[in-house]
Protein chains: 2
Amino acid sequence: MIFSNLKLNSNEPIYYQIEKHIKKTIENGILSSNSKLPATRELSKIIGVSRNSVITAYENLELEGVVYTIKGKGTFVTDKNIALKGEWNIEWEKKSNEYADLSCYLDTVKSEIPWERGMISFKSISPDGELFDVEEFKKAFLNRIALEGHKILNYGYAQGYKPLIDYLHLYMNKKGVNTDNKDFIITNGFTEGLQLILSSYTNAGDNILCENPTHNTSIKLMKLHKLNLIGVDIAEDGIDLMELEYKLKNNQIKIGYLTPSYNNPTGIVINGEKRFKIYNLFKQYNVPIIEDGFNEELHYNNSHIAPLAAFDGKNNGVIYIGSFSKILFPGIRVGWVLADKKIVDTLESVKRCYNIHTSFLDQAILYEYLRSGAFEKQIKRTRKYYKEKHDFAIKCLDKYLKPKYIWGEYGMHVYIAIEGIDSRKLLQKCYERKVIFAPGDIFDVNNEKTDTLRLGLSRITMEEIEEGIRIISECVDELKIQ
Amino acid sequence: MIFSNLKLNSNEPIYYQIEKHIKKTIENGILSSNSKLPATRELSKIIGVSRNSVITAYENLELEGVVYTIKGKGTFVTDKNIALKGEWNIEWEKKSNEYADLSCYLDTVKSEIPWERGMISFKSISPDGELFDVEEFKKAFLNRIALEGHKILNYGYAQGYKPLIDYLHLYMNKKGVNTDNKDFIITNGFTEGLQLILSSYTNAGDNILCENPTHNTSIKLMKLHKLNLIGVDIAEDGIDLMELEYKLKNNQIKIGYLTPSYNNPTGIVINGEKRFKIYNLFKQYNVPIIEDGFNEELHYNNSHIAPLAAFDGKNNGVIYIGSFSKILFPGIRVGWVLADKKIVDTLESVKRCYNIHTSFLDQAILYEYLRSGAFEKQIKRTRKYYKEKHDFAIKCLDKYLKPKYIWGEYGMHVYIAIEGIDSRKLLQKCYERKVIFAPGDIFDVNNEKTDTLRLGLSRITMEEIEEGIRIISECVDELKIQ
C-alpha cells in the first residue's frame, strides 16, 4: 500500500505532507499515469487524518495538473506529468554575462582563506559588536515607531528620509562643508554610494586616479566598471604630491578617488595643509574628486580635520561619500552621498532602479540615535577602545616583529611592511599556524606582490594580538632562513 | 570692527560659528590676505566666549589653510585662499553616462502628475499603512534585538539572514515548490531582485518575452538593460496561449518574465491548469522563466494556486522573485530570489558589489514577525479590507461608468477599459477636477496609447472611491461629446 510508509510530522500542514507524498510516489514511478488514487474518505481513514486535509491535498494536486478528477469515478494521475518527470536542465553557468562573471572573478570573499575555529584572524576590520549601545538603539527604535510607525514601515522616497537628510546637512556643516548648492542621497552603505556614482558618471576605459594602496572594495568596483586605475603612491603623510601633479597633468583623468581622512589599508590621515594642496591640484586640472570619508569619526583627538569637501565651498568639484558603518551599526547599511544637486537628482533615478529606496525604518532609527546624543557617547567609547588595542599592537610589533615601518595613526588596524618578505607567502605560512591577515596585494591597484600587510584589530583580544604577532614574527624568521 | 555683527546662536558650537564668520568675512573681501586676526584672548573678550572656543576655531581654520600662525606674532589670513574665492564649476549635467541618462529618462516618478492636497488619487497601489500591525512588529523587534542585537547590527552575509532563508524554504515548500537544488538570496525588495537577474543574465539586444500589459517597474528595468521587449497580449484569463507559443517559436527569446499570480496592472490570476500549460510551453522551447510572485498572498480565497516554480520540480527553469511588500512593510525593503544554486551563487557576488547585503536588522525583524503567526493574521485582515473596497469599487463602476470590461479578481486595484477613450486625455481632464489614476500606456510594453486605466484603491476611502469614479464618468461623457 503506497501510503503505509507516509509518516506524518507536526511541523508541516497535513495536506501538504499528503501532496508531497503523492508527488514523490509518482516521481518514483510507483503511481503511474491514469492510476486511481484512494477516495478521500478512504484515505483519511487509512492515515488517520481529517477528510478535509485529503480533499485540500487532492485539490491542490489538481490545480498543479498532477491529478484529474472524473465526477463519480474518482481521482487519477494525469499522463501529462512531463513537468514532474521530464528533466529540464539549463546550464546556468554558461548563461551569465560579462558583468556577472567579472563580479564573481573580483569577489575575493570567495577566494580568500576563510575563517576557521581556533584561528587568530587579523583579517576583519568590521567593528566589535560588543561596542554597540543596543539599549540606546532600542530606545531610538521605540521612539520613532511610536511617533510614525505606520509611515516609516511604508514606502518612502529614493532620496531618503527627510529628517536624516536635514541632520546630515548640519552634521556636514559642522565639518566645515558648505551644503548650500549640494544635496544628499541616502544609500545602502558606502558601497552603494560608490557603485551609484561609478555607474552614472564613468564609462569603460576611463582613467580614474586613486591612492595606491587603497580600499579593496573600491578597487573591486572600479575594476568592475572597467576603469583604468592610475595609482599614486603613498608616503607616511599620504599621497605623493609630486607624483599626483605629474599624473594629473599627463593623463586624461576622468575623476579622482581619495581617502584623505583614513586611508584603508594604511590608516594614514592627511593633514589639513596637504589636503588644501591636494584640493587645489585637482581644481587646477579640473578633475573632480570622489572623497571617501571612511572612518573620519574615529580620529582619536577630538579636533576634526576638514574633509576635502570643506575646501570646495560653493564649488561643485567634490562628491563626498559618508557612512557610520565602522562606528555605528553596519548591519543596517545606511550611508550617504553629498554632491552637487544635479548629481543627486541623477543618482536618485538610478537608485530608484536599484531598489526604490533604503529602508526607511533603518534611516529613522539611525536619525533618532544620532540626535539623541548617544552617537557622541559611542564615538568616545569606541575611540578609547580601539586606541588601547592600537597602542598595544604597536608595542607588540616593536617587541616581536620590528617591521620596516608601521603606518596609521588611528583606528582599528595597523599597516606594516616587512623587509624582504612576500606577504602572500607569509600568509601561507601563518595560515599553517592558524593566524591570518590581509596581505598588501589586495589593496594594490595592480594586485602586485608587496611586503606589506594589514592587521585588523577590532574583533580580537589583547592576548590574541600578542600571540598572533609573535607567531607572525616566527613565520617571518622561518621564511628568511629558507 | 569685523566681529561686531557676529550674533551667536545656541544651536551650533561656538567655535564653528566663529569659523564660519571669519570665512565669510574673508569671502566678502573684508578681511584681506595677510591681515592679522585679533589675538585669541582679545577676541574671546570681545565676543564674550571662552578662549578655548576661539583657539579651536583658529586651529581649524589653520588646518583648512585659511589662516597661518607665526609664533609670537599672531594669526594671519593666508593668500592662498583661491579655494574659497576662485570658482570651480563642473557641468555635471553633461557628465552623466548613457546608463544614468536612460535611468532618468525612464523615471516616470519625475514626469508623472504629482499628488496635491485635496486630490482623489487612484494612482497609488502601495498598502494602507493603517493596516500594519505595528504592535506585533515592535514585539518582533524587541525579541530579536534581545536575542542577538549585537549580531544583527553588525555586518552580515550577502546571501541573507540564515533563519529567514530557512523560513522561506519551508514557506515556498508549502506552495508546492521543490527547493532541493535551489537556494535563496535576500534582496532589497522585488526591484533589486529583478535588477540583479537582468544585470547578470541578459545583454543589450536580447529578446525578453512578457505579458502585455505588465508591471511598469519591470518594463523600466528591462528597457534600462536595453532588452527587446516582446509582449504577449492578455485576455480575461491571462496570457494568450496561441500567441505565446507563436512568439516562443518564432523569436530567439532569451528569457520570459511572467506575473501569473497577480498581473499588475490587470489583477488577473491565472488558473492552475493554464499555468501548467504555460510552464510546459517554456520548457518545450527551452526558454527560462522569471516568475514575479507579486501579491500572491493577497488572493481572497484561501487555497493557494501553485506558482510556476512549483511545476519546475527539480528542474531549474524558473527563477522566482518574491516579496511581501504589498502586504507587510514595504518601507523595510526585503524581498528574495529563489533559483538554481548556481544562479544564487552568481547573484551573491553581484549583490556584494551593489551593497554588501540587505539590512540584517530588517531581515531579522521580518523573520520574527513571520514565525510569530502575526503574518497569517495580517493576511486575513488585509484581504478582508481590500476585498470590501474592491467590491465597492466594482459596484460604483457598474453604477456610474459601465466600462467595456473590468479585470482582476482580487487586490488593491481594478483595471478597466472604456470604449473609444484615450486614457491619457481622460487623465488630463480628470486632473482638472482633481482626480488622478494610472493610464494604461505606462503598463504597455511599447507605451502605446490605450483605452485602459488602473484604479488603485489601497489608500483612499469608500467616499473617495465613489466620488472619484463619478467624476471620471463625467469626464468620459465630456470627452465623448467633444
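Residues numbered from 1 in each chain as written. Chains lettered and ligands numbered in written order. Predicted model: local features only at pLDDT ≥ 70, side-chain atom pairs only at ≥ 80, totals over all residues. Heavy atoms only, no water.

> How should the overall build of chain A be read in this particular structure?
Helix and strand content of chain A: 18 helices and 16 strands. Here the C-alpha atoms of chain A give a radius of gyration of 29 Å, more than 25% beyond the 23 Å that 2.2 N^0.38 yields for 482 residues. Expressed as lengths along the three principal axes of its C-alpha atoms, the size of chain A is roughly 90 × 60 × 50 Å. Out of the 482 residues belonging to chain A, those deemed buried represent 64%. Nonlocal contacts in chain A, meaning residues at least 24 apart in sequence, comprise 74% of its contacts between residues at least 6 apart. As presented, chain A carries roughly 18,900 Å² of accessible surface, and 50% of it is formed by carbon and sulfur atoms. Each charge class in chain A can be summarised by its mean position, and for the 64 positive and 64 negative side chains these summaries are 5 Å apart. (Helix = DSSP H or I, 4+ residues; strand = E, 2+ residues; numbered from the N terminus. Rg over C-alpha atoms; globule rule 2.2 N^0.38 Å. Buried < 20%, exposed > 50% of the residue type's maximum accessible area, 1.4 Å probe, protein only. Contact = heavy atoms within 4.5 Å. Areas by Shrake-Rupley, 256 points an atom, 1.4 Å probe, with all protein chains shown as cover. Lys, Arg positive; Asp, Glu negative; His and termini not counted. Charge placed at Lys NZ, Arg CZ, Asp CG, Glu CD.)

> In this structure, what is going on with the interface of chain A and chain B? I would like to understand it.
Many authors give the size of an interface as the accessible area that is lost as the parts come together. Tallying the contact residues gives 114 residues for chain A and 113 residues for chain B. Buried surface at the junction of chain A and chain B, both sides included, amounts to about 10,000 Å², of which 60% is carbon and sulfur. Along the contact surface separating chain A from chain B lie 6 salt bridges. Note that Asp 345 of chain B is salt-bridged to Lys 110 of chain A, the shortest N-O span being 3.3 Å. At the surface where chain A touches chain B, the tally comes to 45 residue pairs in polar contact (both at pLDDT 80 or more). The biggest single contributor to the side of chain A that touches chain B is helix 14 (residues 341-355) of chain A, with 11 residues. When grouped by side-chain class, the residues that make up the side of chain A that touches chain B number 48 nonpolar, 38 polar and 28 charged. (Buried area = accessible area lost by both parts, 1.4 Å probe. Salt bridge = Lys/Arg side-chain N within 4 Å of Asp/Glu carboxyl O. Polar contact = N/O pair within 3.5 Å; in protein donor to acceptor, adjacent residues only side chain to side chain. Nonpolar A, V, L, I, M, F, W, Y, C, P; charged D, E, K, R; others polar.)

> Can you walk me through the relation of the copies chain A and chain B in this structure?
Both copies of the chain are related by one operation, a rotation about an axis with a shift along it. By a simple turn and slide, chain A fits onto chain B: the slide is 0.0 Å along the axis, the RMSD is 0.3 Å, and the turn is 180 degrees. Taken together, these values place the two copies in the relation of a two-fold axis. An overlap of 97% is found between the interface residues of chain A and their copies at the interface of chain B, pointing to a shared contact surface. (Least-squares fit on C-alpha atoms with pLDDT ≥ 70 in both.)

> Help me out: how do you make sense of the packing of aromatic side chains in this one?
Two descriptors summarise a pair of aromatic rings, namely the distance from one centre to the other and the angle between the planes of the rings. As enumerated under the stated definition, the model contains 46 aromatic pairs over all chains in all. When the centroid spacing of 3.5 Å and the interplanar angle of 10 degrees are considered together, the rings of Phe 141 of chain A and Phe 141 of chain B count as stacked. Here Phe 141 of chain B lies in helix 7 (residues 134-152) and Phe 141 of chain A lies in helix 7 (residues 134-152), a pairing that spans two chains. With respect to class, Phe 141 of chain A is no different from Phe 141 of chain B; both count as buried. Aromatic pair Phe 329 of chain A and Tyr 369 of chain A: ring centres 5.0 Å apart, planes at 85 degrees, arrangement edge-to-face. (Phe/Tyr/Trp six-rings, centres within 6.5 Å; stacked < 30°, edge-to-face > 60°.)

> Help me understand the confidence of the model for chain A, please; the structure alone is not making it clear to me.
Atom-level detail of predicted coordinates should not be read off regions where pLDDT is low. Per-chain confidence: chain A averages 91 in pLDDT, with 96% of residues scoring 70 or above. Overall fold confidence for the complex sits at a pTM of 0.86, while the interface term, ipTM, reaches 0.86. (pLDDT = per-residue confidence, 0-100.)

> Is there a simple way to explain the packing of helix 14 of chain A against helix 9 (residues 189-201) of chain B in this structure?
For the pair helix 14 of chain A and helix 9 of chain B, interaxial distance at closest approach is 5 Å and the crossing angle is 90 degrees. One element, helix 14 of chain A, and the other, helix 9 of chain B, form an angle in the roughly perpendicular class. Contact residues: Arg 352, Cys 353, Tyr 354 and Asn 355 of chain A in helix 14 of chain A; Thr 191, Glu 192 and Gln 195 of chain B in helix 9 of chain B. For the contact of helix 14 of chain A with helix 9 of chain B, the per-class residue count stands at 2 nonpolar, 3 polar and 2 charged. (Axes fitted to C-alpha atoms, helices over the stretch in contact; angles between N-to-C directions. Parallel < 35°, antiparallel > 145°, perpendicular 65-115°, else oblique.)

> For this particular structure, what's the right way to read the side chain of Ser 423 of chain B?
Residues and elements named next belong to chain B. Here Ser 423 shows up in helix 17 (residues 423-432). The exposure class assigned to Ser 423 is buried, which follows from its relative accessible area of 0%. The contacts of Ser 423, once residues within four sequence positions are left out, are Phe 437, Pro 439, Gly 440, Asp 441, Thr 450, Thr 452 and Leu 453.

> Please clarify how the pattern of salt bridges should be interpreted in this entry.
Side-chain pairing between opposite charges can occur once the charged atoms of the two side chains come close. All names here are of chain A. Using the criterion set out here, one finds 62 salt bridges over all chains in the structure. For Glu 192, the salt bridge is made with Lys 351, and the minimal N-O distance between the two is 2.5 Å. Residue Glu 192 is found in helix 9 (residues 189-201), and its partner Lys 351 is found in helix 14; the two are separated by 159 residues along the sequence. Here Glu 192 and Lys 351 have matching classes, each one buried.

> Looking at this structure, how should I read the environment of Lys 20 of chain B?
Residue and element names in this part refer to chain B. By the element assignment, Lys 20 lies in helix 1 (residues 14-27). For Lys 20, a relative accessible area of 39% puts it in the partly exposed group. Spatially, the C-alpha atom of Lys 20 lies 9.0 Å from that of Ala 57, the residues being 37 residues apart in sequence. A polar contact is formed between the side chain of Lys 20 and the side chain of Glu 12, at a distance of 3.3 Å.

> Just to check I follow, could you spell out the sheet that holds strand 11 (residues 335-340) of chain B for this structure?
Strands belonging to one sheet form pairs held by backbone hydrogen bonds; the direction of such a pair is parallel or antiparallel. Residues and elements named next belong to chain B. The strand order across the open sheet built from 8 strands is 4-11-10-9-8-5-6-7, with neighbouring strands paired in mixed fashion. The open sheet has two edge strands with one neighbour each: strand 4 (182-187) and strand 7 (238-239). Helix 8 (residues 162-174) contacts strand 4, strand 10 (318-323) and strand 11 of the sheet and is inclined by roughly 125 degrees relative to strand 4. Packed onto the sheet, helix 10 (residues 216-224) meets strand 5 (207-212), strand 6 (228-235), strand 8 (253-258) and strand 9 (289-292) and runs at close to 155 degrees relative to strand 6. (Pairing = 2+ DSSP bridges.)

> What's the story with the sheet that holds strand 16 (residues 452-456) of chain A in this structure? I'm lost.
Residues and elements named next belong to chain A. In spatial order, the strands read 12-13-16-15; together these 4 strands make up an open sheet with antiparallel pairing. With one partner strand each, in any of the chains shown, strand 12 (405-407) and strand 15 (438-439) form the two edges of the open sheet. The pairing of strand 12 with strand 13 (residues 413-417) spans 3 bridges and is antiparallel. Paired with Ile 406 across the two strands is Ile 416, which belongs to strand 13.

> Would you mind going over the pairing of strand 9 (residues 289-292) of chain A with me for this structure?
Residue and element names in this part refer to chain A. Every second residue of strand 9 is oriented toward a common face, with Ile 289 and Glu 291 on one face and Ile 290 and Asp 292 on the other, all of them buried. As defined by bridge partners, strand 8 (residues 253-258) adjoins strand 9 across 3 bridges and the pair is classed as parallel. Residue Gly 256 lies in a different strand from strand 9, and its bridge partner there is Ile 289. In this region the chain leaves strand 8, passes through helix 12 (residues 272-284) and returns to the parallel neighbour strand 9; the handedness of that crossover is right-handed. (Right-handed = clockwise from strand over helix to strand, strands pointing away.)

> When you look at unusual backbone geometry in this model, what are you seeing that I'm missing?
Phi is mostly negative for residues that are not glycine, and the peptide bonds are mostly trans. Backbone torsion omega between Asn 264 of chain A and Pro 265 of chain A reads 20 degrees, so that peptide bond is classified as cis. If you trace the backbone, Pro 265 of chain A turns up in the loop between strand 8 and helix 12. Here the residue pair Asn 212 of chain B and Pro 213 of chain B is connected by a cis peptide bond, since its omega of 5 degrees sits within 30 degrees of zero. One non-glycine residue, Lys 434 of chain A, lies in the positive phi region at around 65 degrees.

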